[in-house]
Amino acid sequence: MSAIKNIEMSKNVPMKIKQLKIDELNFGDVSTNKNGGKFTNLQLDGNPFKLQMPNLKTWGVKMYEDQNNPNQPPKYSLNLVFNKQEVDTDSKVKEALVKLEELQEKVKEMLRERSKEFFNKKSVSADYIDACFTPFVVKSKDKETQDPDDRYSSIKVKLNLQK
């Protein structure tokens, strides 16, 4: 379960990720999507915001077409890749990855604090959150052991493409 529908972007000027202060972020009201999943929007001082990432590699743009609803326009996404070599040699790339990992922990913390709203439970353990939470910072895994192997991390970003 991902608690963030998206990092909504409405102001025209993006904030460099190094300027982001994780403790100043807050979360909006909990909403339910058409499939019953719950989400909240991430806000900075109660408002949507844009983040500017450093130059990162991608695996290209992916297109998703809903086969059950062919009249819907396709949706697009891409993965931003933080490979180990760039994290080790480029301070901007490392800083962006660290900020995103801190953000991920803040989201998990919020889920514990607002467990009633998200899980209909008075309180939940960190293990419960880990079992339910789908990380948005994805770590590479060894193909044989499925253990994290530290080759790269990635985040998936939705693209809002309009004609």
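Residues numbered from 1 in each chain as written. Predicted model: local features only at pLDDT ≥ 70, side-chain atom pairs only at ≥ 80, totals over all residues. Heavy atoms only, no water.

Considerations on the overall build of the protein chain
Alright, step 1. Looking only at helices and strands, the protein chain has 4 helices and 10 strands in total.
Alright, step 2. For 163 residues, the compact-globule estimate of 2.2 N^0.38 gives 15 Å, and the C-alpha radius of gyration of the protein chain, at 17 Å, lies within 12% of that figure.
Alright, step 3. With the C-alpha coordinates of the protein chain rotated into their principal frame, the extents come out at 45 × 40 × 40 Å.
Alright, step 4. A total of 163 residues make up the protein chain; the buried ones form 31% of that total.
Alright, step 5. Here the contacts in the protein chain between residues at least 6 apart in sequence split such that 59% fall between residues at least 24 apart.
Alright, step 6. Of the roughly 11400 Å² of accessible surface on the protein chain, 46% is carried by carbon and sulfur atoms.
Alright, step 7. Of the side-chain charges in the protein chain, 29 are positive and 24 negative, and the distance between the mean point of each set is 5 Å. (Helix = DSSP H or I, 4+ residues; strand = E, 2+ residues; numbered from the N terminus. Rg over C-alpha atoms; globule rule 2.2 N^0.38 Å. Buried < 20%, exposed > 50% of the residue type's maximum accessible area, 1.4 Å probe, protein only. Contact = heavy atoms within 4.5 Å. Areas by Shrake-Rupley, 256 points an atom, 1.4 Å probe, with all protein chains shown as cover. Lys, Arg positive; Asp, Glu negative; His and termini not counted. Charge placed at Lys NZ, Arg CZ, Asp CG, Glu CD.)

Quick word on the nonpolar core
Alright, step 1. Core analysis: the biggest nonpolar cluster contains 30 residues, and Leu25, Phe82 and Leu111 have the highest contact counts within it.
Alright, step 2. Put simply, the parts of the chain that give this core at least two residues each are β2 (25-27), β5 (42-44), β8 (75-83), α2 (91-113) and α3 (115-119).
Alright, step 3. Sort the elements by how many residues they give to this core and α2 lands first, with 8 residues.
Alright, step 4. Contacts of Leu25, omitting those with residues within four sequence positions, involve Leu20, Leu42, Gln43, Leu44, Phe49, Leu103 and Lys106. (Core = buried A, V, L, I, M, F, W, Y, C linked by side-chain atoms within 4.5 Å.)

Section: the pattern of salt bridges
Alright, step 1. Within this structure, the stated rule accounts for 8 salt bridges.
Alright, step 2. Its salt-bridge partner being Glu105, residue Lys108 comes within 3.6 Å of it at the nearest N-O pair. Here the residue Lys108 and the residue Glu105 both occupy positions in helix α2, the gap between them amounting to 3 residues, near one helical turn.
Alright, step 3. In this structure, a network of salt bridges that share partners links the residues Lys84, Asp88 and Asp150. (Salt bridge = Lys/Arg side-chain N within 4 Å of Asp/Glu carboxyl O.)

Regarding the sheet that holds strand β9 (residues 138-141)
Alright, step 1. Pairing within the open sheet is antiparallel, and its 4 strands lie in the order β7-β8-β10-β9. Edge positions in the sheet fall to β7 (57-64) and β9, since each has one partner strand and no second. Geometrically, the sheet is characterised by an average inter-axis angle of 30° between neighbouring strands, direction not taken into account.
Alright, step 2. Strand direction decides the pairing type here: β7 and β8, joined by 6 bridges, are antiparallel. Looking across to β8, one finds that Tyr64 is bridged to Lys75.
Alright, step 3. Docked against the sheet, α2 engages β8, β9 and β10 (148-159), running at close to 115° with respect to β8. (Pairing = 2+ DSSP bridges. Axes fitted to C-alpha atoms, helices over the stretch in contact; angles between N-to-C directions.)

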